Amino acid sequence: MTAMENQEKINITTKQLASGNHQVKFFVEDDSKNQYGYLLMSEPKPVGEIIAEIQQRLEKRRMAEKQINPLFPLAPSQEDSNFYLFSA
């Protein structure tokens, strides 16, 4: 499946935290399942860059899920502490 075939719609809202970091709340509308999550960023970025980063992290997560082999379990890769994803 190419990236063009899997076009999810991503809506974001950003908020500056007291720490100076920026919290991005995102909602992914997808035909198969809706998801939401948070991305913590140390500096503000343009909306296009934020959405591209979210898409890259979603794809990385999907690829990691596909690599799970029940006969040869691997230690899970270290979770990205700045990226949280939930099913809606």
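Conventions adopted
- Residues numbered from 1 in each chain as written.
- Predicted model: local features only at pLDDT ≥ 70, side-chain atom pairs only at ≥ 80, totals over all residues.
- Heavy atoms only, no water.
- Pairing = 2+ DSSP bridges.
- Helix = DSSP H or I, 4+ residues; strand = E, 2+ residues; numbered from the N terminus.
- Axes fitted to C-alpha atoms, helices over the stretch in contact; angles between N-to-C directions.
- Contact = heavy atoms within 4.5 Å.

> Which residues make up the sheet that holds strand 4 (residues 83-87), and what values go with them?
What links the strands of a sheet is backbone hydrogen bonding, and the strands pair in either a parallel or an antiparallel sense. Across the sheet, four strands lie side by side as 1-2-3-4; this open sheet has antiparallel pairing. Of all the strands in the sheet, just strand 1 (9-16) and strand 4 have a single pairing partner and so form its edges. With strand direction ignored, the average angle separating the axes of adjacent strands in the sheet is 15°. Of the strand pairs in this sheet, strand 1 and strand 2 (residues 22-29) are connected by eight bridges, and their pairing is antiparallel. Along strand 2, the bridge assignment pairs Asn11 with Phe27. Strands in contact with helix 1 (residues 47-66) are strand 1, strand 2, strand 3 (35-41) and strand 4; relative to strand 1, the strand with the most contacts, it is inclined by about 115°.

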